Amino acid sequence: MKEGKRRIDDCRLPIDDWKRRVGKPRGPFNGPSTVKGPLFQSSIVNRSRQAGSILHSALALVVILICASVAAAQNPALYTRWENFTQANGLPDDKVLSVAVDGDRVWAGTENGLALIEKGKVERVFQVKDGLSHRVVAGLAVDKNTGDLWIATFGGLSRLSGGEFKNYTNLTSGLANDIVYAAAIQGEYVWAATTAGISRLNTRTGEWSIFNEKNAPMHEPWSYGIAVSDTKVYFAVWGGGVLEYDIAGGYWKPYNDPDGEMEIVLFRNQGLIHDIVSGIAYNPETKMFWASTYFGLSGYDGRNWHNYLSTDSGLASDFVNAPKSRGNEVWACTDKGLSNLDFSTGTWVTYRPSTEGQHGEILITTPDKKVSRVETPTSIAHNYTLNLDFQGDDIWVATAQGLSHGIRKPLKEISSHESARSGH
Amino acid sequence: MCQRLGTEVHAEEKSTIEPEYLNPVDLTLSSDGRRLYVVCSGDDTLREIALSTLAGPTASAAPAAPSAQLVRQVRVGHRPRNVAFSPDGKTLYVSNEWSDTVSEIDAATFTVRRTLPAGWGPGGLTTDRAGKTLYVANGIGNDISVFDLKQGVEVKRLATERYPHQVALSKDGRFVYVSNILPHISPYDQPPVSELTAIDTRTQTVADRIILPGVIELRQIAEAPPRLGGYLLVPFMRPKNLNPLVRVEQGGMLTHGMAVVQPAGPAGRVAHNGSRVTEVLLDDIDYYYAGTYGAAFTPDGSVALVTSSEARVVTLIDTARLQKRLRQVPAAELANRLDSAQTFVVRRLPTGDDPRAIVVSPDGRYAYIANRLDDSLTVVDVPRQRIASTVDLGGPKLITPLRHGERLFHNASYCFQGQFACATCHPEKHLDGLAWNLETPKLGRDRVANRTLRGIAETAPYKWNGRNPDLETQCGWRIAKFLFRSEGFSTPELKDLVAFLKSIALAPNRHLARDGQLTETQERGRQIFFRTTTNDGKEIPAGNRCDTCHPANSHYTAKASFDVGTAAKFDTAGLFDTPQLERVYQDAPYLHNGEALTLEEIWTVFNDKDTHGVTSDMSKNQLNDLIEYLKTL
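Residues numbered from 1 in each chain as written. Chains lettered and ligands numbered in written order. Predicted model: local features only at pLDDT ≥ 70, side-chain atom pairs only at ≥ 80, totals over all residues. Heavy atoms only, no water.

### Some words on the overall build of chain A
How we decide: In this description a helix means any DSSP run of H or I spanning at least four residues, a strand means any run of E spanning at least two, and both kinds are numbered starting from the N terminus. Throughout, a residue-residue contact means that at least one pair of heavy atoms, one from each residue, lies within 4.5 Å. Method for areas: the Shrake-Rupley scheme with a 1.4 Å probe, in which residue coverage is limited to the protein chains shown.
A count of helical and extended segments in chain A gives four helices and 31 strands. Pairs at least 24 apart in sequence give 47% of the contacts found in chain A among residues at least 6 apart. When the accessible area of chain A is evaluated, it comes to approximately 17,300 Å², of which 49% is carbon and sulfur surface.

Encoded structure:
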């Protein structure tokens, strides 16, 4: 692959280069051959030159403006500004395992407690001495209905409500195991992924249910992640693939690697890439779930699988810790950076620290495998990324050396900067 | 002056059937103060009473007590508990504790408009300021139901602490406060901690869990006017359960007072928002006022009134002097000072039996108190600090042994200096969630958890050591000598008290379907409960099976003591009475000393040698199933 390297200052991106590579826009302008994304500009201009007509030039200019606007709205903007939180500015630990956004608040689960970030600073830290059940906070779930925060720790499941912790452990409750990797809210139920299976708490009745190899199609009970849709709950099971639980029917459906646990993929998109699933996400807009494995990224739309490996896509690494998805965005937290797929265009963008200094690095991989590289003055905290959540247009990323706040630069703004620089 | 209302209930019942007492427990006033609405939990009604104040005989004379006339009544659900008005005064809401419903009543026609399904054991309730949302405390469910009143549906439940009881909407409408009767479940050798739950009405989320250390049994919540800072008064009981109960003779074992809570604002939800809590006692050095329950302010906030249900007294407090006292004595010290009340109490007035909720008229002239075991209302002339009248609600006049026994149960005068009544440690005829160091020859040893009184009629013997063969023994000279430190009950009184104790019914089981059918989980748990072999087929010795000590045909108690390996370091014996298991989900903490904070802990922590049934072969799934079955009993 060919990398185009370019240095920019103060978030100004090589937007022209990038726009040429990101593929065709979708939506109302999709279809006519006159609109083919970033490349259309030159084709239309060429046509207008051939005609030699002022009218055609004026028309072309109008189309350019319209399409540029469409591209700005529909192509993902880049995260060129990063604000990082570490122990130096208040986190209890640099290793951040989980992150959850609750309106203006951001919760970060670290290896040594829980942090609340609000108004751009670490507002409060909660540790075992404050009532948290264990120092290692592996997962977080905000109950939007009640406002309570559910905390998956390596010493049980904690609920933070009104400033008070309530802890549930294997000894004091029906929780399957104290090592809890993830929590999720589904109506009045709280689900917890543990090393000994999946636990479910009915918050109204106090009833605990456990799903493991005894009563669910999981030959490995070690569960890593949970994602909830309106009708289903999905589970990432280490070595057990993806499990789907039908809420109304109360039955299970497993998704496994058709190759077994072979660490090769015989046929692309034949099914789940691998049974060692580290995380799961559900996208309510596309109704797809995404599963991160240690051997690539898999998405399932209910009919077809969409698999990505680092060798045939812009995915930074096959070792994927967690996925996240909304709209056409699919995110993969990998050990070699944070990768983002625009599902509509097939364009990948990966964020990672530059190997050459303090800067950040963005790698843009188009569907034709061409890669361009952009440096940014600020960088995601570390290439080892573990978790992600959205806050409006911004993203928050848990990394092995801090929590990163990615601030999106609107394309329009970037364009105007670029235009100003080039004298247009 | 005593007024008698209604004619439909007669006092001359001669049959052995227990008459239907009214048991007024809660009341509210219309905004103009001319209508009083009284919840009668005994006959499942809400009563509307018209109030009118007659002028005195001369212009200079004091106005006569307001006349009270029963206008109408409406039947609501079973065991109604609390009542609240909608902000426009057109609707009344009544919670029905045993029906798990809320009755919505048209105030004009006085008919039930809708019946809303609520959570388990609905009690205190309030609407928000707009009248669009209703908040209902579910005493058994340990949560708050939030209703969308337009749709008539419950939209969410918010977790409270244990046994949420009363609710109050803040005057600015921002918060709903919830008092909890029972404290946190916490280690049995630690002082209790209770919670006043604050709900943000904008987000309908728990904004703060205000901690009240060292106290339990939070009751009615009153808010001072804004000019006084808008602090809250919350009556409580302050037990010294870690001390041996022989200290009753020295006083201060069970004290009664109120928390003065200054909420700090809406910054909570994720962290305590710095609400200031000061606990102050209402007792005097030489006499106590047990059962603090109702609380209200006059509109100008100059006087606060607190009822003491077990002392049958209403206390009038000069709030300016109260504030002075709070400023003068450090908060940490104040909670144990028995010389505070004399500095701010201006009058103590006798009420009827078991005074509970209290409301003050909009003009601040009168306060109305519901006397539950008197079927009456006490009307207090607040400015003159005297009883204006007693309104007889028209309940049966015959005082049956059961009624008499219940009055004794709620009467602290039998205890030395009136320190406590039976009901003090058994709120709502249940338990207080604490472990106590009762009578023992060795102080500090044999700490025992309080046990419920619900459904105990056929579960003799009594006490954790099983040495009391009947309730007469349990509540007779033993109570007098070791607990009350007084003469105790006379023989006839004891007979009536025991009759009442035996009449205490179990509440409906919320974990069991109405048709009695077990769920799959519960059925699996039932099979475990009655199993005779372990998972690998080995026979479980008969003496180590669940149903040996907890037989189904005997309220799940063999009525005998067993050594199940739970004796602790400070126990002088290892045999303990087998508790009944019905409604066991309400009875935490568990085991004889309250060491097991949850049902799970009985087996996960305190049964390592399989002496409390064979459970070591069970999977966690099976234990969960077993517990779900136990909850159905």
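Further notes follow.
### Regarding helix α9 (residues 520-529) of chain B
Residues and elements named next belong to chain B. Quick reminder of the rule: Whether a residue is buried, partly exposed or exposed follows from its accessible area with a 1.4 Å probe, protein chains only, as a fraction of its type maximum: under 20%, in between, or over 50%, in that order. Think of the arc as the fan of directions from the helix axis to the C-beta atoms.
Along α9, the positions that sit buried rather than exposed are Thr521, Gln522, Gly525, Ile528 and Phe529. On an axial view of α9, the arc spanned by its buried residues comes to 115°, and they lie on one face. Where the residues of α9 are buried, they touch α10 (546-549) and α12 (620-630).

### Focus: the interface of chain A and chain B
Quick reminder of the rule: The quantity reported as buried area is the accessible area (1.4 Å probe) lost by two parts once they are put together, taken as the sum for both. Whenever Lys or Arg places a side-chain nitrogen within 4 Å of a carboxyl oxygen from Asp or Glu, that contact is recorded as a salt bridge. Whenever two N or O atoms come within 3.5 Å, that pair is a polar contact, provided that in protein one can donate a hydrogen and the other can accept it, and provided that, for residues adjacent in sequence, both atoms are side-chain atoms. When residues are sorted by character, Ala, Val, Leu, Ile, Met, Phe, Trp, Tyr, Cys and Pro go into the nonpolar class, Asp, Glu, Lys and Arg into the charged class, and all the rest, Gly among them, into the polar class.
Listed as interface residues are 31 residues of chain A and, on the opposing side, 33 residues of chain B. For the pair chain A and chain B, the two sides together bury roughly 2,600 Å², of which 45% comes from carbon and sulfur. In this assembly, chain A and chain B are joined by one salt bridge. Between Glu154(B) and Arg204(A) there is a salt bridge; the shortest N-O distance is 3.9 Å. Counting the contacts that link chain A with chain B gives ten residue pairs in polar contact (both at pLDDT 80 or more). Those elements that provide at least two residues to the side of chain A that touches chain B are β4 (105-110), β6 (121-126), β9 (156-161) and β14 (208-211) of chain A. Per-element accounting of the side of chain A that touches chain B gives the leading share, three residues, to β9(A). Looking at the side of chain A that touches chain B residue by residue, the classes come out as nine nonpolar, 14 polar and eight charged.

### A look at the sheet that holds strand β11 (residues 133-138) of chain B
All names here are of chain B. Put simply, the test is: Two strands are counted as paired when DSSP detects at least two bridges linking them. To get an axis, a line is fitted to the C-alpha atoms, and for a helix only the part in contact is used. The angle between two axes follows their N-to-C directions and goes from 0 to 180 degrees.
Taken together, four strands build an open sheet; the order of strands is β10-β11-β12-β13 and the sheet is antiparallel. Each having just a single partner strand, β10 (122-127) and β13 (153-159) make up the two edges of the open sheet. Each neighbouring strand pair of the sheet contributes to a mean axis angle of 25°, computed without reference to strand direction.

### Thoughts on a nonpolar patch on the surface
Residue and element names in this part refer to chain A. Applied cut-off: What makes a patch is a set of residues exposed beyond 30% relative accessible area and free of salt bridges, joined within 9 Å when like-charged and within 5 Å when nonpolar (Val, Leu, Ile, Met, Phe, Trp, Tyr).
Judged by side-chain polarity, Met262, Ile264, Leu266 and Phe267 come together as a nonpolar surface patch covering roughly 410 Å² of accessible area. The residue Ile264 is located in the loop between β18 (252-255) and β19 (277-283) in this model. The class of Ile264 is partly exposed, set by a relative accessible area of 45%.

### Let's talk about the domain arrangement of chain B
All names here are of chain B. Condition: Where a domain begins and ends is set by an automatic assignment or by a domain database.
Taken domain by domain, chain B holds domain 1 (404-503) and domain 2 (520-630). The C-alpha-based centres of domain 1 and domain 2 are spaced at 26 Å. Listed per partner, the contact involves 24 residues of domain 1 and 23 residues of domain 2. Carbon and sulfur atoms supply 45% of the area that domain 1 and domain 2 bury against each other, a total of about 1,800 Å² over both sides. On the surface where domain 1 and domain 2 come into contact, there are one salt bridge. Between Asp577 and Arg451 there is a salt bridge, with the nearest N and O atoms lying 3.0 Å from each other. Linking domain 1 to domain 2 there are eight residue pairs in polar contact (both at pLDDT 80 or more).

### Brief notes about the sheet that holds strand β3 (residues 96-102) of chain A
Residue and element names in this part refer to chain A. Sheet architecture is open: four strands sit in the order β3-β4-β5-β6, paired in antiparallel fashion. Two strands bound the open sheet, and with one partner strand each, they are β3 and β6. Neighbour-to-neighbour, the strand axes of the sheet open up by a mean angle of 25°, direction not taken into account. Two elements, strand β5 (residues 113-118) and β6, share five bridges in a ladder whose sense is antiparallel. Bridge pairing in β6 places Glu118 opposite Lys121.

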